[in-house]
Structure formats: structure tokens, C-alpha cells
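One-letter residues, chain by chain:
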Number of protein chains: 2
Amino acid sequence: MAYYVGIDLGGTNIKAGVVDSDGNLLNKLSIKTHAERDEKEIIHDMGKLAVDVIKDLGKEISDIEAIGIGSPGTPDNEEGLLVYSANLPFNNSPMRKLIRDVVDLPVYIDNDANCAAMAEAVAGAAKGTKDSVTITLGTGVGAGVIINGRIYSGFNQAGSEFGHTVLVSGGLQCKCGRRGCFEQYASASALARMTKEAAEKNPDSILKDLIAKEGGSNAKIAFDAMREGDKTAAELIESYTDYLADGLANVINTFMPEVLVVGGGVCNEGDPLLIPMREKTMSRPYFGPGVKKTEIKLAEMGNDAGIVGAAMMGKACMDDGKNGR
Amino acid sequence: MAYYVGIDLGGTNIKAGVVDSDGNLLNKLSIKTHAERDEKEIIHDMGKLAVDVIKDLGKEISDIEAIGIGSPGTPDNEEGLLVYSANLPFNNSPMRKLIRDVVDLPVYIDNDANCAAMAEAVAGAAKGTKDSVTITLGTGVGAGVIINGRIYSGFNQAGSEFGHTVLVSGGLQCKCGRRGCFEQYASASALARMTKEAAEKNPDSILKDLIAKEGGSNAKIAFDAMREGDKTAAELIESYTDYLADGLANVINTFMPEVLVVGGGVCNEGDPLLIPMREKTMSRPYFGPGVKKTEIKLAEMGNDAGIVGAAMMGKACMDDGKNGR
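> Please clarify how the packing of helix H5 (residues 188-201) of chain B against helix H8 (residues 231-255) of chain B should be interpreted in this entry.
Helix-helix packing is described using two parameters, namely the angle between the two axes and the distance between the axes. Residues and elements named next belong to chain B. One way to put it is that H5 packs onto H8 with a least axis distance of 11 Å and a crossing angle of 145°. Crossing hand, H5 versus H8: right-handed. Taking contact as the criterion, the partners of Leu191, Met194, Thr195 and Ala198 in H5 are, on H8, Thr232, Leu236 and Tyr240. Here the residues of the contact of H5 with H8 sort into 5 nonpolar, 2 polar and no charged.

> Any chance you could explain the pairing of strand S9 (residues 132-137) of chain B here in plain terms?
If a strand is regular, its side chains alternate between the two faces of the sheet. All names here are of chain B. Within S9, 6 of the 6 residues are buried, which leaves the element mostly enclosed by the surrounding structure. Of the two faces of S9, the one lined by Ser132, Thr134 and Thr136 and the one lined by Val133, Ile135 and Leu137 are each fully buried. Sheet analysis places S9 next to strand S10 (residues 141-147), joined by 6 bridges and oriented antiparallel. Residue pairing in the sheet places Val133 in a bridge with Val145 of S10. In this structure, the hairpin formed by S9 and S10 is closed by a connection of 3 residues. Sheet topology places S9 next to strand S12 (residues 259-263); 5 bridges connect them, and they run parallel. Residue pairing across strands places Val133 opposite Leu260, the latter belonging to S12.

> Would you take a moment to explain the domain arrangement of chain A for this structure?
Interfaces are often sized by the accessible area lost when the parts come together. Residues and elements named next belong to chain A. One can read the domain layout of chain A as domain 1 (3-119 + 303-319) and domain 2 (127-299). On a C-alpha basis, the centres of domain 1 and domain 2 stand 28 Å from each other. Taken together, the contact pairs 13 residues of domain 1 with 15 residues of domain 2. When residues of the side of domain 1 that touches domain 2 are traced back to their parent elements, those giving at least two are strand S5 (74-76), strand S8 (107-111), helix H3 (112-123) and helix H10 (305-319). Of all the elements, H3 adds the most residues to the side of domain 1 that touches domain 2, at 5 residues. Looking at the side of domain 1 that touches domain 2 residue by residue, the classes come out as 7 nonpolar, 4 polar and 2 charged.

How each quantity is defined
Residues numbered from 1 in each chain as written. Chains lettered and ligands numbered in written order. Predicted model: local features only at pLDDT ≥ 70, side-chain atom pairs only at ≥ 80, totals over all residues. Axes fitted to C-alpha atoms, helices over the stretch in contact; angles between N-to-C directions. Helix = DSSP H or I, 4+ residues; strand = E, 2+ residues; numbered from the N terminus. Left-handed = near helix turned anticlockwise from the far one by under 90°. Contact = placed C-beta atoms within 7 Å. Nonpolar A, V, L, I, M, F, W, Y, C, P; charged D, E, K, R; others polar. Buried ≥ 20, exposed ≤ 12 C-beta atoms within 10 Å, placed from the backbone. Pairing = 2+ DSSP bridges. Domains from an automatic or database assignment.

Spelled out as C-alpha cells, the structure:
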């Protein structure tokens, strides 16, 4: 069995773990990112964390094949750089070189949403498939595409930004600059916004009380209200799942993945979300008679997706003979 | 130099040609499809046409490596079937077997829009790139995706249906069953429809006269009227190119191809289409600072794209060691 380190770089925490060839996470450690610091300090800490997590498992550096890093933003895995990240102080940062100053292993870098998709493909909901897409409904809509067992993100590693495809031409302003992006209608944040709007428009609904009780809107309130029999909430979920299904059906018509994985906290709502999401989504793509259909599954890797996916991305790069030094 | 036969199966004509390894079309022949016939007769004629085009060039069957077929609909290249086609009488048709009854060569099958993209990638506007997407604005919006030099169309070969991704949620009814599909707003047919609608709403515009003169609306009229200084026509082109750019920017955000190839008769309009299409499209995707940008180019392969692409798809399958027998 071969071993890989996966590092999940986030705006708040840096998490690292040792993962075996099958995608089993053997241990993990976490430190604060302190994103206000200089990039060099952050990357130095990532390297030290990799060493710590290897030692924590009782292994040696020489027991490890490679380090995979999942980061927000756009990487350049060929040159070993993090080209750009919206929320972290990276600007053509020589991440590979700076990590290798701390620990002498091959280092590979990819986007965090892509790594989450890799984790689902190797060890999660899309295990055993060659082509899958993972969509995560969170603050935004994250997307990662796996083709033939490898991450696909375009010639510049900036692709598979499905959250920023327009679903409602001329619609709501998105922070990316476009109008009507999928994530403005289908993210957990979008549902929280829609809940607030519906509460204001429908004073008879219990949405307003629930928002007050929770100290603000969130993506759970509409489901809670619907379970209490609130009509406005039921209409809201109907509308939200319509947008969501339109976007997911777009993913299917575009990629025809064997499995479309959907994740994010809102999926914890269970059947009230999942049943309409599945039914509406599957009624929309065009499968001709006799054509095999995509299967929609819930994400299985949870909070460890970033670490496991980063490690398995590193493994894939090693297997493909990519230069990580 | 190795040689391949490409067959471009259409609803009206079946075209075949011999193509060399570099994508040069050496000769071609064409016969009528007579799509009302039994599938077996059509496929038999395709086999005979392959033999004829080889002999027409003065070559022997043994000089040819493989036959590639580009067909409308959804193929199953592993099993050698045409699973389904909307406008042709195919239903799990054993195309490989029936062709090989006529001519004993490896036979590979893919979708026609995918083959057009392959032609652009090997010998046309995207030559020299690994990742490209070709969008064709015609009766519908065709799309073909090339990843790492190979056609990508999903686990069931039914993907890259970008024309049937929703751009205007709840919008115009599409024949695929969905509402608001990209092709309802950006195809040549869509522009012809918009032109007719604009003429009816704006009796002062010259659009009405031009439609009468042409005996019906088409995608050229709005450009002709705009060149004459017609304000309604100028607004129409503004709106059409907005929708078009939204869809093309979706393609870029999704695939980040090195080159996005755009083809179809409407591209012959030149700058009045191309300048706004390019400027609007490139202003919309999110490229972070320092991230390489997609280049938008016009299709170069014209009417031969189907033949050349089918042949080069056949070559790619041979190179990958896929079974064609």
C-alpha cells in the first residue's frame, strides 16, 4: 500500500491527513490559516503540517509518495503555482517550491472543489465510475468534474465553474460580474435570501417568526416551515428546487456523467429536498430511447472530502508521471 | 502516411471521403440518404460508398486503417451501435456489423457535432490545442467537446448537448421538452424567429419588407437591415448577441477550452456579428488575474468538417487501441 498526504487549504483552517491508495483517511490534523498573514508564512505552515501529520501516524517522510493540495482559486499544477485566489493572499505564489523547502516530496496543486469531486470519485458516491460531476450547494455552488478518472478543469485549470453559468439571462447580479448565475438561485445562500424575501412578501407565513428565532435567515428555515404546513414555504421550496433542477439538468446535458453527486449542508434536509430535486432533474435532460441515464447520488465524503481528494489528486498526478518537483 | 475513411451521415445526403493522418481530405463522394428507407439499406449504402471513395482515389481497402462515421443522434461506439437518432430510422442499429458485412475494416461511430469539433481540433481553428469546444449556430446549436485530443461526450455518448442547457429559466419551449434552452435564443433559427417578431412589433422598420422580399424570415435579414441603418434591426442584433454571449461565456466557464470555435452560416456576416460576439463573450467569464484566457475563433472546416472529423475520430480510436471489429 502506498501513502499520500492531502492538504485542504481553507480561509479559516488548514487541514492535512495521510490517505492510502484506496482513499482511506488514516489520520488528520488541523491548524488555523490566519489568512491575513504573508503567503510565505501560510505555505511554510502547510509544509510543517504535512510533516506533523506523517509523524503523527508514526510514518517517515520516505513512506509517502506525494503531497496533494486542494486550494480555493486557480492553480497552475505544471509550474507548481497558485495563480490566484479570491479570499487568500496568493498571486502566482510558488507553492510547490515553498512546500518542498520544508518537506522533500513531489507536490501537486488543484482547486478545492475539484479535489472534493476526486474524493467522491475514488472513495465516495461515484466510486467505480470513470465520469462524474460533484456539485456542492453552499455559500456558492461548487463544481468539480472527473473525466476518465482525472480532474478536468480546462487548459488553464480555471474551468468547471458551473456555479457561474447563467441560468436566468439578465437575472440577479452575481459577485463574479455576470447576471443570473446558477449559484444566485441554487446555493444555500440563495435559499436563505429567497426565504427572507418570501417572509417579507407574505406576513401571514411563519417564515418571519422562524427567521427572528434563528437570528437571521438560513437555508434550513424554509424546510422547517414547510414541515409545519406553511404554504409560503412549500411554494418557496417548489421554486428553489425548480431552479436547482434546471441547473443540475444543465450539468447532465453537458457532461452526461455516470453519477452526478450533490452535496452541501442543505442535503441534510432529506426527502423534502431530495425527492423533488431528483424527480425534476431527471425529467429534464434529453435521453433518447435506449440511452443510459445518469444517476443522482448524495455526497458521501463530508468534511474529509478536501483532504482525501487532494491526496488522490496527488496520486493521479504521480500515476500519470507528472512532474511534482 | 496512413489513410482513413470518414462518413458524414445526414438526413439528406451521405458524404464520404478519404482523409490522411494530418486531416487532409483527399477526395469525396456523396449520395442521397433517402431516410424513409429501412436502416439496413441506408447502412449498406454507407458501406458501398466507403468502398467507392477508396477506389475513386485509386487505393485498395488494405490501404485504409479504419472507417469513422459521424451520425446524428446517440451512438454506442463500444458496441458499434447507433442507439437512437431523432430524424433517422435508427434504433439500436448494428451499424458496425452491417458496414463490415460490406467492407472489412474497423468501424467507429460518433455523433456528427462531436466529429465537427474533432475536425476543427485536428486540422482547423483549434489545431495544435488539446482542449477545445466547437459551437455551431444552425437550425439548432450544435456542440462538440475535445478534451486532451479526444471527443468527450459522457459515459453514454449523449453529452455535450450545450444547445439544450437552459439559459432563460422558464423561457421559450424547446423541442427537447425543456424551457429556455440556449438554442431557442442563439441558433440561426432563433434569430430568424426574433426577426419575424421584431418586424411585427415595429411596422416602421424595414424588416417587414425584407422578409416579404426573401419569402420568409431568415438569419441574414436582421444584418442586412442593420447595414441599411435600421434601428430595430440594430437593437435585435444587440439582444441576439447578448444571449449568444451569455451561452458562449457559459461554455467558457464550464470547459475553459484553449480555443472556443464558433461556426455556422450566420458567422458569414462578419464583423457586425463577430465583434459584439467576441467582446461581450470575453467580458463575462471569470478569469482571475494572471489566468490564461480562452481564444474565440471562427470555424475553418466548413462543409468538410463532418467527413474529416469522422475520419480523425476513427484515427483516434485506432490510436487508443479501441475495438472496431
